[in-house]
Amino acid sequence: MDRIMEFLPFMLEGAVVTVEIFALTIILALPLGLPIALGSNSRILPLSFLCKVYVWVFRGTPLLLQLFFFYFFFPLVLDVTINAFFTVLLTYILNYAAYFAEIYRGGINSIDRGQYEAAHALGLSRRQTTIDIVLPQTMKAILPPTVNETINLVKDTALASSLPVIELMKATNSAVNRMSDMTPFFFAALIYLIMTFLLTLVAGRLEKYFSRYDAREE
């Protein structure tokens, strides 16, 4: 037990880095996904094509491959050395923005076309229709898949251990190697479970909020 307590602070430091990766990815990827989704639905064909290619590339290739690509791309191709943490963060943001974009696009496309026609009849512009009518209605529809992706992100942060970033998984592996004991894996699993449990609680609160909102409308 004493040996575990010796390495637990190191693992908790790694957990802090994991939370930083998660939080910054969510804060930046969630809003980035929206313009990509709107661009995919755009009538401007070049813009729609570029957005769809972006989503196709980042959803169609492994996140681990993307991590290595960006890690070696900047120094070898651009001759620029960047911090490994920044590389991880950039990769996660670009990757999850593509997934969130598809979630948004699915939610937007689920809105009945009659509402677009009604808004047009009222003299609303396409921009006003999207912002004031379509997007608010998509919130409840996109909440479950968005929560699923955020939970996946918690687990995907473990892939950052493939680069020189000391997050929870790398700290855990280091503790296991030094102790020749698998107990740190148990503590790491517990920390991941706590993170996902807290996210599930937040998601439940949000679902109740939007359900109550629907009830008021009825």
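Residues numbered from 1 in each chain as written. Predicted model: local features only at pLDDT ≥ 70, side-chain atom pairs only at ≥ 80, totals over all residues. Heavy atoms only, no water.

By the naming in an unreviewed UniProt entry, the protein chain goes by Amino acid ABC transporter permease and is assigned to Candidatus Allocopromorpha excrementigallinarum.

Draft legend 1. Just the UniProt feature "transmembrane region" (unreviewed entry) in the protein chain, in detail. Feature annotation in UniProt places "transmembrane region" (unreviewed entry) on residues 15–37, 49–74, 80–101 and 185–204, given in this structure's numbering. Taken end to end, residues 15–37 is 100% helix and 0% strand, and its first and last C-alpha atoms sit 32 Å apart. Regarding residues 185–204, the helix share stands at 100% and the strand share at 0%, and the terminal C-alpha atoms are separated by 28 Å. (UniProt positions renumbered as here; feature names shortened; annotations may be inferred. Helix = DSSP H or I, 4+ residues; strand = E, 2+ residues; numbered from the N terminus.)

Draft legend 2. Looking closely at the environment of Thr172. Its location among the elements puts Thr172 in helix 7 (residues 168–179). Here Thr172 falls in the buried class, since its relative accessible area comes to 0%. Sequence separation between Thr172 and Ala15 is 157 residues; the distance between their C-alpha atoms is 9.6 Å. In this structure Thr172 touches Met11, Pro184, Phe185 and Ala188, once residues within four positions along its chain are discounted. (Buried < 20%, exposed > 50% of the residue type's maximum accessible area, 1.4 Å probe, protein only. Contact = heavy atoms within 4.5 Å.)

Draft legend 3. Structural view of the packing of helix 2 (residues 45–60) against helix 4 (residues 84–109). Orientation of helix 2 relative to helix 4, taken along the N-to-C sense of each, is 115°, at an axis distance of 9 Å. The chirality of how helix 2 crosses helix 4 is left-handed. Residues Tyr54, Val55, Phe58 and Arg59 of helix 2 form the contact with helix 4, whose participating residues are Leu94, Asn95, Ala97, Ala98, Tyr99, Ala101 and Glu102. When its residues are assigned to classes, the contact of helix 2 with helix 4 shows eight nonpolar, one polar and two charged. (Axes fitted to C-alpha atoms, helices over the stretch in contact; angles between N-to-C directions. Left-handed = near helix turned anticlockwise from the far one by under 90°. Nonpolar A, V, L, I, M, F, W, Y, C, P; charged D, E, K, R; others polar.)

Draft legend 4. Representation of unusual backbone geometry in the model. Not every positive phi belongs to a glycine, and Asp79 is a case in point at roughly 55°. Looking at the secondary structure, you find Asp79 in the loop between helix 3 (63–76) and helix 4. Accessibility expressed as a relative area gives 69% for Asp79, which makes it exposed. Although it is not a glycine, Ser180 adopts a positive phi angle of roughly 55°. Of note, Ser180 is situated in the loop between helix 7 and helix 8 (183–217).

Draft legend 5. Region of interest: the layout of surface pockets. Quantified by volume, the largest pocket comes out at close to 400 Å³. Taken together, 19 residues form the lining of the largest pocket, with Leu30, Met139, Leu143, Thr146 and Leu206 sitting closest to its centre. Mapped onto the lining of the largest pocket, the elements with two or more residues apiece are helix 1 (2–40), helix 4, helix 6 (126–156) and helix 8. If you tally residues by element for the lining of the largest pocket, the top one is helix 6, at eight residues. Grouping the constituent residues of the lining of the largest pocket by class yields 16 nonpolar, three polar and no charged. (1 Å grid on protein atoms, 1.4 Å probe; cavity = no way out; pocket = protein on both sides within 12 Å on 5 of 7 lines; lining within 4 Å. Points joined across faces, edges and corners; volume = space filled by probe spheres on them.)

Draft legend 6. Summary view of the environment of Ala98. Following the sequence through the fold, Ala98 ends up in helix 4. Of the residues examined, Ala98 reaches a relative accessible area of 0% and is grouped as buried. For the pair Ala98 and Ala160, spaced 62 residues apart in the sequence, the C-alpha separation amounts to 19 Å. Those residues within four positions of Ala98 in sequence are excluded, and the remaining contacts are Tyr54, Val55, Phe58 and Arg59.

Draft legend 7. Here's a closer look at the packing of helix 3 against helix 4. For the pair helix 3 and helix 4, interaxial distance at closest approach is 9 Å and the crossing angle is 130°. When the interaxial angle is binned, helix 3 and helix 4 end up oblique. Read as a crossing pair, helix 3 and helix 4 show a hand that is right-handed. Where helix 3 approaches helix 4, its residues Leu63, Gln66, Leu67, Phe70, Tyr71 and Phe74 are matched on the opposing element by Ala84, Thr87, Val88, Leu90, Thr91, Tyr92, Leu94 and Asn95. The residue inventory of the contact of helix 3 with helix 4, partitioned by class, reads 10 nonpolar, four polar and no charged. (Parallel < 35°, antiparallel > 145°, perpendicular 65-115°, else oblique.)

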